[in-house]
Amino acid sequence: MLVTLKKIIDELGENQAVPAFNVYGYEDTKVVLDVASSLGAPAVLMTNRDAVMHMGSRNLCNLLKSIGEDYDIPICIHLDHAKSMEEIEEAVKSGYTSVMYDGSNLPLNENIENTSRIVQFAKKYNVSVEGEIGSVGYSDPNIKIQGKYTDVEEAKIFYDETKVDILAVAVGTLHRMTGQEAVINYELLNDIEKKLDVPLVIHGSTGVKNKDLIQLAKTTVKKVNIGTAVRMTFGKSLKSQFNTEEFDRIKLFEKPMKDIEGVILEKYKLLGFKKTSY
Ligand code: G3H
Ligand code: ZN
């Protein structure tokens, strides 16, 4: 059933954080839902700016909603890294149950002002809102988004003013890392946790080491965003078949779907979801 991100977060067990996966279509969505369902776990399906530019949020939402109807688990459809009210309005009206407004590169007062407007709007539709304070940068040098550690005092002001449901913080990760090499600043994370009573999100979690995923699930981090790890596995697996005569996309997608299943299952397990029937 379709639920808000807040509901999923509120119902997590002890030492659990929900992995939120960037998905792009039928294949990756189905695998995330199959794995989640086998674990009796919730699923957070996130669509990022690339996916929205490619398909449009209405099409994406309809597709994900429809695939989700076959599963008896809590499913959240989340708009990732939206930068404007227009994008958020379209997503909310299409049926997304959660949105992220990313004002992380704006001055604090503008980030607060825009995020607050979005919280007011989303509330009317019972849609959860994620904000970001500090900025998780990009390991890809072509993307000119400056990373900046979260400042604890700013985070406190931001949360008190906006009352977002969940807050993304920058504590050492970068988006699009291809290796698990991020160094988590636990001292900073700890200071944020002491000062703020709000569940936290870690972006760029492909770069997070396995031992840190286990550790983070024991903190107030409740959502862990993963994109590159799945995309990279899918793409490499697809490319590995290009010397075959096969041209049928359904056949070509079989191996990538099998391969991403392992990645997705591993992240769930590291974040505290026990294997049941899988
Ligand atoms: O918002 C999306 C995530 O932060 C994904 O980051 O692609 O580095 O895993 P990643
Ligand atoms: Zn992100």
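Residues numbered from 1 in each chain as written. Chains lettered and ligands numbered in written order. Predicted model: local features only at pLDDT ≥ 70, side-chain atom pairs only at ≥ 80, totals over all residues. Heavy atoms only, no water.

Caption draft 1: Examining the coordination of the zinc ion (ligand 2) more closely. With distances of 2.1 Å, the protein atoms coordinating the zinc ion (ligand 2) are His 81 (NE2), His 175 (NE2) and His 203 (ND1). In the primary structure, the donors to the zinc ion (ligand 2) are separated according to the pattern H-x93-H-x27-H. With His 81 in strand S3 (residues 75-82) and His 175 in the loop between strand S6 (166-169) and helix H8 (186-195), the pair connects residues that are 94 residues apart, well separated along the chain. Note on accessibility: His 81 and His 175 belong to one class, buried. (Donors = N, O, S within 2.8 Å, 3.2 Å for Na, K, Ca; no water. Helix = DSSP H or I, 4+ residues; strand = E, 2+ residues; numbered from the N terminus. Buried < 20%, exposed > 50% of the residue type's maximum accessible area, 1.4 Å probe, protein only.)

Caption draft 2: Representation of the nonpolar core. Core analysis: the largest hydrophobic core is formed by 90 residues, its most contacted members being Ile 88, Leu 167, Ile 264 and Tyr 268. It is helix H12 (residues 254-270) that provides the largest number of residues to this core, a total of seven residues. Not counting chain neighbours up to four residues away, the residues in contact with Tyr 268 comprise Pro 19, Phe 21, Val 32, Val 35, Ala 36, Leu 39, Ala 41, Pro 42, Ala 43 and Phe 273. (Core = buried A, V, L, I, M, F, W, Y, C linked by side-chain atoms within 4.5 Å. Contact = heavy atoms within 4.5 Å.)

Caption draft 3: Local environment of the pattern of salt bridges. For the structure shown, the criterion picks out 14 salt bridges. Here Lys 6 ties to Asp 10 by a salt bridge, and the two come within 2.9 Å at their closest N and O atoms. Within this pair, Lys 6 and its partner Asp 10 are both found in helix H1 (residues 5-10), separated by four residues, close to a single helical turn. Using a relative accessible area of 39% as the deciding quantity, one classes Lys 6 as partly exposed. Where Lys 163 meets Asp 160, a salt bridge forms, and the shortest distance between an N and an O atom there is 3.9 Å. (Salt bridge = Lys/Arg side-chain N within 4 Å of Asp/Glu carboxyl O.)

Caption draft 4: Geometry of the environment of Asn 59. Mapped onto the secondary structure, Asn 59 falls in helix H4 (residues 57-68). Taking C-alpha positions, Asn 59 is 8.5 Å from Ser 94, a pair spaced 35 residues apart along the chain.

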